[in-house]
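Below are the chains, spelled out letter by letter.
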Amino acid sequence: MPRYFFNTRIGDELIVDPDGEDLRNPDRAWEVARQMILEVVKSEGAQPALLEAVIEVTDVAGEIVLEFPFSEALLDMPDQSATRH
C-alpha cells in the first residue's frame, strides 16, 4: 500500500507529518484528510487562521497528491444549530 503524509500549511508555516500513513489509494487519503480537519476544528474552533489552512497530502517522493483546504471540509459539516425533530 502507498504511504501518504498529511502536512498542514497555515500561512507560511508548514507542519510536517514525519510518519505518514499507509492507505489503499488517494480517495482514502482524501477521507483521512477531511476527518483530520474536522477533528482539528472541533477541538480548536473555527479560528480565522485555520479557515485559511490547507492539508497537503504527499507521497513518499514528496509530490503533492492533493491539497485539502480546511474551509472546504467545513462546507460539508452538518449544521449543529439546526433543530432536530
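Definitions and limits used
Residues numbered from 1 in each chain as written. Predicted model: local features only at pLDDT ≥ 70, side-chain atom pairs only at ≥ 80, totals over all residues. Heavy atoms only, no water. Helix = DSSP H or I, 4+ residues; strand = E, 2+ residues; numbered from the N terminus. Buried < 20%, exposed > 50% of the residue type's maximum accessible area, 1.4 Å probe, protein only. Contact = heavy atoms within 4.5 Å. Polar contact = N/O pair within 3.5 Å; in protein donor to acceptor, adjacent residues only side chain to side chain. Core = buried A, V, L, I, M, F, W, Y, C linked by side-chain atoms within 4.5 Å. Pairing = 2+ DSSP bridges.

### Quick word on the environment of Asn7
- Tracing the backbone through its elements, the reader meets Asn7 in strand β1 (residues 3–10).
- The exposure class assigned to Asn7 is buried, which follows from its relative accessible area of 7%.
- Residues Asn7 and Asp17 lie 10 residues apart in sequence; the distance between their C-alpha atoms is 5.2 Å.
- Residues contacting Asn7, with those up to four places away along its chain left out, are Leu14, Ile15, Val16, Asp17, Val54, Ile55, Glu56 and Thr58.
- A polar contact of 2.7 Å, which involves the side chain of Asn7, links it to the backbone nitrogen of Asp17.
- Side chain to side chain, Asn7 and Thr58 meet in a polar contact 3.5 Å long.

### A few points about the nonpolar core
- In this structure, Phe6, Ile37, Ile55, Val57 and Phe70 are the most contacted members of the largest nonpolar core, which totals 18 residues.
- Considering each element in turn, this core owes the most residues, six residues, to helix α1 (residues 26–44).
- Excluding its chain neighbours within four sequence positions, the residues that come into contact with Phe6 are Asp17, Glu21, Leu23, Ala29, Val32, Ala33, Met36, Ile55, Glu56 and Val57.

### Thoughts on the environment of Pro26
- Counting through the fold element by element, Pro26 comes out in helix α1.
- Along the backbone, Pro26 and Arg3 are 23 residues apart, and their C-alpha atoms lie at a distance of 9.9 Å.
- Residue contacts for Pro26: discarding those within four places in its chain leaves Tyr4, Val65 and Leu66.

### Some details on the pairing of β1
- The sheet contact formed by β1 and strand β3 (residues 21–22) spans two bridges and is antiparallel. Counted as the bridge partner of Arg3 is Asp22 from β3.
- Bridge count between β1 and strand β4 (residues 54–58): five bridges; the pairing is antiparallel. What sits directly across from Thr8, in β4, is Ile55.
- As judged from the three bridges shared by β1 and strand β2 (residues 13–15), these two strands associate in the antiparallel manner. Looking at the pairing, Ile10 lines up with Glu13 of β2.
- In sequence, β1 turns back onto β2 through a hairpin of two residues, with Gly11 there showing a positive phi of about 65 degrees.

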